[in-house]
2 protein chains.
Amino acid sequence: MPTVAPQRSRKAQIDRTATALFRARGFAATSMRELATELGLEAGSLYSHIKSKEEILHRVCFGLAEEFFAGFAAATAQNSAPVATQLRQAIEAHVRVLTRDSAASAVFLHEWRHLSEPARTEFLALRDRYEVAFRTLIQRGLAQGELHAPDAAFAALTLLASLNWLPAWYRPDGNLTPDEIAHRLAEQLLGGLLFNE
Amino acid sequence: MPTVAPQRSRKAQIDRTATALFRARGFAATSMRELATELGLEAGSLYSHIKSKEEILHRVCFGLAEEFFAGFAAATAQNSAPVATQLRQAIEAHVRVLTRDSAASAVFLHEWRHLSEPARTEFLALRDRYEVAFRTLIQRGLAQGELHAPDAAFAALTLLASLNWLPAWYRPDGNLTPDEIAHRLAEQLLGGLLFNE
DNA sequence: TATACTTCCTAACGCTCGTTAGCCAAAAAA
DNA sequence: TTTTTTGGCTAACGAGCGTTAGGAAGTATA
């Protein structure tokens, strides 16, 4: 009988702790014994809650993918709004996901390659779909004369690149709130795309 | 007696092959036996040429750091030139290093954390110095009114982030030459910073 | 020709890995 | 109260890890 009700299920605790370790050391360099120790358990005990090490990685990667898609969908729901507005909202949604759980984001961005097939291919397909969504939005902006850029694919790549660098330097206790960061990034990145700044 | 003289020393061959594997699988997930097989050797034979697995990683990471600094130094040698020109040249130099050996670049960007101390700390200090160099250049541009940005640190971070995403998608056999890529990236990234485009 | 060096081999070292089997005590459900 | 479920434990499995020792064969040097 725990003195206080656990705020999270054991499985969720394992996911959280594993995510932090995967981020810090990388998936391959994180051992189940390390993970167990961090949780005050023995290694074997983990398997009462999970099926395998990779299952954790799978959950983290695909869970975050879902969040990114949900954010993008919400940001572009109002199809009649100016493309620039939709793009700004999509950027802010992306940043919100990144900052809400930067450890999981870092794992999502860097550790997916340790997924075995077919999960790895599925994951890459999702990532590609997401990138295409941004590219398409930018292309619409170009076609309607709202944005200017030499190349939509190029613009989408550099835009996502700038955003995805965030987990590398973001600190939750920094002096910028996630919303401020999102706003600044949107301003800066759209600055190069908009006609009238 | 090899039928043709080896274009590279065995050690250099090992470094090259290891770099490709480190990039594809990650440092921790690459075994010395895999590396040896790739070279047509047995695992033990590698140690006639190298001291340890980490030594390879060390050489790759610090070798590339040197190249980045040399490129930046050359790009900003003419101190009297406009800051925008220096910045453009620094961007192009950075891209040139990235494209000249994108495998080594990917390792430089992602696998450095598997360096053990004190190399890891030394590496991070170098990386920080490089980032500061860009930030300082941008700051000079702001001070002289040549550039505009809400925050020099922010601008430097997003700039390097956009550039460093390159090894993730660059293909040497793509339809853009490294110089074209460098030029486009410089245009696009300076577009958001310059007053008159 | 004798010597040293280079570059590979085989075999093995101690160690850590992810995972499983079997067991046990406490808690929950019946 | 009996039964089932939950969530731990210990011990061990087979496999793979980085690395080393010792030796063999070819090449270069003296």
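Keep in mind it's a predicted model, so treat the numbers as computed, not measured.

### Points about the interface of chain B and chain A
On the side of chain A, 31 residues touch chain B, which itself brings 32 residues to the contact. Surface buried jointly by chain B and chain A totals about 2700 Å² across both partners, of which 61% is contributed by carbon and sulfur atoms. Counting the contacts that link chain B with chain A gives 4 salt bridges. With a shortest N-O distance of 3.2 Å, Asp151(A) and Arg184(B) are connected by a salt bridge. In this assembly, chain B and chain A are joined by 12 residue pairs in polar contact (both at pLDDT 80 or more). Counting residues per element, the ones that place at least two in the side of chain B that touches chain A are helix H1 (10–25), helix H5 (102–110), helix H7 (152–164) and helix H9 (178–191) of chain B. At 7 residues, the largest contribution of residues to the side of chain B that touches chain A is made by H7(B). In the side of chain B that touches chain A, the residues fall into 15 nonpolar, 10 polar and 7 charged.

### Some words on the nonpolar core
Among the nonpolar cores identified, the biggest contains 63 residues, and Leu35(B), Leu46(B), Leu87(B) and Leu163(B) are the most heavily contacted of them. Among the elements that make up this core, the one with the highest residue count is helix H3 (residues 53–75) of chain B (10 residues). Core analysis: the second largest hydrophobic core is formed by 59 residues, Ala90(A), Ala93(A), Val97(A) and Phe123(A) among them.

### Considering the confidence of the model for chain A
Mean pLDDT over chain A stands at 90; residues scoring 70 or higher make up 93%. Long-range and interchain partners of residues 1–6 of chain A, a stretch whose pLDDT sits below 50, account for 0 contacts in this model, where long-range means more than four residues apart.

Procedures and definitions
Residues numbered from 1 in each chain as written. Chains lettered and ligands numbered in written order. Predicted model: local features only at pLDDT ≥ 70, side-chain atom pairs only at ≥ 80, totals over all residues. Heavy atoms only, no water. Contact = heavy atoms within 4.5 Å. Buried area = accessible area lost by both parts, 1.4 Å probe. Salt bridge = Lys/Arg side-chain N within 4 Å of Asp/Glu carboxyl O. Polar contact = N/O pair within 3.5 Å; in protein donor to acceptor, adjacent residues only side chain to side chain. Helix = DSSP H or I, 4+ residues; strand = E, 2+ residues; numbered from the N terminus. Nonpolar A, V, L, I, M, F, W, Y, C, P; charged D, E, K, R; others polar. Core = buried A, V, L, I, M, F, W, Y, C linked by side-chain atoms within 4.5 Å. Buried < 20%, exposed > 50% of the residue type's maximum accessible area, 1.4 Å probe, protein only. pLDDT = per-residue confidence, 0-100.

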